[in-house]
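# Summary of the model geometry
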Number of protein chains: 2
Amino acid sequence: MPSTVQKKPRQQTPPSVQLLSCAPHVVLTHLGDKWTILVVLLLARAPENRLRFSEIKRGVQGISQRMLTLTLRMLERNGLVLRHYYSEVPPRVEYELSAMGKSMLYPLEVFTGWIGENWQAMQQARERYDAREDRTP
Amino acid sequence: MPSTVQKKPRQQTPPSVQLLSCAPHVVLTHLGDKWTILVVLLLARAPENRLRFSEIKRGVQGISQRMLTLTLRMLERNGLVLRHYYSEVPPRVEYELSAMGKSMLYPLEVFTGWIGENWQAMQQARERYDAREDRTP
DNA sequence: CCGTATCCGACACGATACTG
DNA sequence: CAGTATCGTGTCGGATACGG
């Protein structure tokens, strides 16, 4: 591939700001998966931000055991959640938001707050869009 | 089920607490997909929050034409982006953040700000986690 | 230039079954 | 109770080609 970076074949808009799929964006992508946020929000409401596996399972409507395990592993791996294992019979495991996990709650609330204020408008926009017929090519 | 109060350091979770995969969460899931946030952030930086299709394509590293189209359609459908079509030859299309789209920028910055301050810590947590051998069952 | 159509592989996710 | 293991499927997203 010949490098033509030095040449400006045509005058084009501002010197291209380029966004890479950087680490922060990857984080956001992970948090945006199907269950992570719901689990975090549930822990946020819990006393001491701490719940048993089965409590989370009951609290997050529709999550499978497999996906809950994977979600919690991911959160633990990223240091957002602490895993406390008690080798009793039957075993008991509790999950707790770490300090970093708790520090995420405010930004998360700001965002979910915005969504709460705007999702009806989005809903309406969708309906308007879908009703349109004069879609331009 | 006998109610035992002893050795229960904390109270049980109220059974009423249940999180559904509600509309706000769905929104967050959409925004958390592979490209949406990057496109929004690029528009946020642009003069008048407005760019041509090809400018966005160049600005978002690695995005395919197909995915950019789909991403922009989704943003337009949800009312976050406005599409301006000019039937010239060759045609020109510009995309602009709507008022609602702009109103998202602050919440987004709060969130990306938090990520910016914490993603190294997450990285380290991951490395620590992966290096561990004493994983509890 | 700005899309749409089609094919296809990868993987996220669910269902189920089985252990310590 | 709190996980693993395994398998099947739907969807996401990349590559490519074509069209207005």
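The name given to chain A in an unreviewed UniProt entry is Transcriptional regulator, HxlR family, with Beijerinckia indica subsp. indica as the source organism.

In the vicinity of DNA strand C there are 18 residues, among which Arg-66 and Met-67 of chain A together with Gln-65, Arg-83 and Tyr-95 of chain B approach most closely. Near-protein atoms of DNA strand C (within 4 Å) split between backbone and bases, with sugar and phosphate holding 56%. Here a phosphate oxygen of DNA strand C sits 3.4 Å away from a polar atom, N or O, in the side chain of Trp-35 of chain A. Arg-52 of chain B places a polar side-chain atom, nitrogen or oxygen, 3.0 Å from a sugar or linking oxygen of DNA strand C. Looking at the surface near DNA strand C, the elements with two or more residues in it are helix 4 (65–77) of chain A together with helix 3 (53–59), helix 4 (65–77) and strand 3 (92–97) of chain B.

It is worth spelling out helix 4 of chain B at this point. Since the α-helix advances by 3.6 residues per turn, residues separated by three or four positions end up pointing in the same direction. For helix 4 of chain B, which comprises 13 residues, the first-to-last C-alpha distance of 18 Å matches the rise-based estimate of 18 Å (1.5 Å per residue) to within 8%. For helix 4 of chain B, every residue scored as buried is listed here: Leu-68, Thr-71, Leu-72, Met-74, Leu-75 and Glu-76 of chain B. Against the buried residues of helix 4 of chain B lie helix 6 (105–131) of chain A together with helix 1 (23–31), helix 2 (36–45), helix 3, strand 2 (81–86) and strand 3 of chain B. Phi turns positive one or two residues past the end of helix 4 of chain B, at Gly-79 of chain B, with a value near 80 degrees.

To continue, consider the packing of helix 6 of chain A against helix 6 (residues 105–131) of chain B. The interhelical angle for the contact between helix 6 of chain A and helix 6 of chain B, taken along N-to-C directions, is 155 degrees, at an axis separation of 9 Å. As far as their axial angle goes, helix 6 of chain B and helix 6 of chain A are roughly antiparallel. Once helix 6 of chain A is placed against helix 6 of chain B, the crossing between them reads as left-handed. Between helix 6 of chain A and helix 6 of chain B, the contacting residues are Tyr-106, Pro-107, Leu-108, Val-110, Phe-111 and Trp-114 of chain A on the first element and Tyr-106, Pro-107, Leu-108, Val-110, Phe-111 and Trp-114 of chain B on the second. Class assignment for the residues of the contact of helix 6 of chain A with helix 6 of chain B results in twelve nonpolar, no polar and no charged.

Here the focus is the sheet that holds strand 2 of chain B. Residues and elements named next belong to chain B. With antiparallel pairing, three strands are arranged side by side in an open sheet as 1-3-2. Of all strands in the sheet, those with a lone pairing partner are strand 1 (50–52) and strand 2, marking the two edges. Along the sheet, successive strands turn relative to each other by an average axial angle of 25 degrees, direction set aside. Sheet topology note: the strand 2/strand 3 ladder contains six bridges and is antiparallel. Bridge pairing links Tyr-85 to Val-93 in strand 3. Across the face of the sheet, helix 2 comes into contact with strand 1, strand 2 and strand 3 while running at roughly 90 degrees to strand 3.

Looking now at the protein's contact with DNA strand D. Not every one of the 18 residues close to DNA strand D is listed here, only the nearest: Ser-54, Gln-65, Arg-83 and Tyr-95 of chain A together with Arg-66 of chain B. Atoms of DNA strand D within 4 Å of the protein: sugar and phosphate make up 56%, bases the balance. At a separation of 2.8 Å, a phosphate oxygen of DNA strand D approaches a polar side-chain atom of Lys-34 of chain B. Contact between DNA strand D and Arg-66 of chain B: a base nitrogen at 2.4 Å from a side-chain N or O atom of the residue. Elements that contribute at least two residues to the surface near DNA strand D include exactly helix 3 (53–59), helix 4 and strand 3 (92–97) of chain A together with helix 4 of chain B. Ranked by the residues each element gives to the surface near DNA strand D, the list is headed by helix 4 of chain A, at four residues.

Moving on, we come to the packing of helix 6 of chain A against helix 1 of chain B. Remark: helix 6 of chain A packs on helix 1 of chain B, axes separated minimally by 9 Å, with the N-to-C direction vectors making an angle of 100 degrees. It follows that helix 6 of chain A is roughly perpendicular to helix 1 of chain B by the angle criterion. Taking contact as the criterion, the partners of Phe-111, Thr-112, Ile-115, Trp-119 and Met-122 of chain A in helix 6 of chain A are, on helix 1 of chain B, Ala-23, Pro-24, Val-27, Leu-28 and Leu-31 of chain B. A breakdown of the residues in the contact of helix 6 of chain A with helix 1 of chain B according to their chemical character gives nine nonpolar, one polar and no charged.

Next up on the list: the UniProt feature "domain: HTH hxlR-type" (unreviewed entry) in chain A. The feature "domain: HTH hxlR-type" (unreviewed entry), as given by UniProt, occupies residues 22–123 of chain A in the numbering adopted here. From the first C-alpha to the last, residues 22–123 of chain A spans 30 Å; its make-up is 62% helix and 15% strand.

Our focus in this paragraph is the environment of Leu-20 of chain B. Structurally, Leu-20 of chain B can be placed in the segment before helix 1. Sequence-distant contacts of Leu-20 of chain B, that is, excluding residues within four places in its chain, are made with Leu-38 and Gln-61 of chain A.

Moving on: the interface of chain B and chain A. With 58 residues of chain B at the interface, the matching set in chain A holds 62 residues. Counting the surface lost from both chain B and chain A, the interface buries some 6100 Å², and carbon and sulfur atoms represent 65% of this. At the junction of chain B and chain A, the tally comes to four salt bridges. Here chain B is connected to chain A by 17 residue pairs in polar contact (both at pLDDT 80 or more). Sorting the residues of the side of chain B that touches chain A by element identifies helix 1, helix 2, helix 3, helix 4, strand 2, helix 5 (99–103) and helix 6 of chain B as the ones contributing at least two each. Looking at side-chain class alone, the side of chain B that touches chain A contains 30 nonpolar, 15 polar and 13 charged residues.

About the criteria used
- Residues numbered from 1 in each chain as written.
- Chains lettered and ligands numbered in written order.
- Predicted model: local features only at pLDDT ≥ 70, side-chain atom pairs only at ≥ 80, totals over all residues.
- Heavy atoms only, no water.
- Near = heavy atom within 4 Å.
- Polar contact = N/O pair within 3.5 Å; in protein donor to acceptor, adjacent residues only side chain to side chain.
- Helix = DSSP H or I, 4+ residues; strand = E, 2+ residues; numbered from the N terminus.
- Expected span 1.5 Å × (residues − 1).
- Buried < 20%, exposed > 50% of the residue type's maximum accessible area, 1.4 Å probe, protein only.
- Contact = heavy atoms within 4.5 Å.
- Axes fitted to C-alpha atoms, helices over the stretch in contact; angles between N-to-C directions.
- Parallel < 35°, antiparallel > 145°, perpendicular 65-115°, else oblique.
- Left-handed = near helix turned anticlockwise from the far one by under 90°.
- Nonpolar A, V, L, I, M, F, W, Y, C, P; charged D, E, K, R; others polar.
- Pairing = 2+ DSSP bridges.
- UniProt positions renumbered as here; feature names shortened; annotations may be inferred.
- Buried area = accessible area lost by both parts, 1.4 Å probe.
- Salt bridge = Lys/Arg side-chain N within 4 Å of Asp/Glu carboxyl O.

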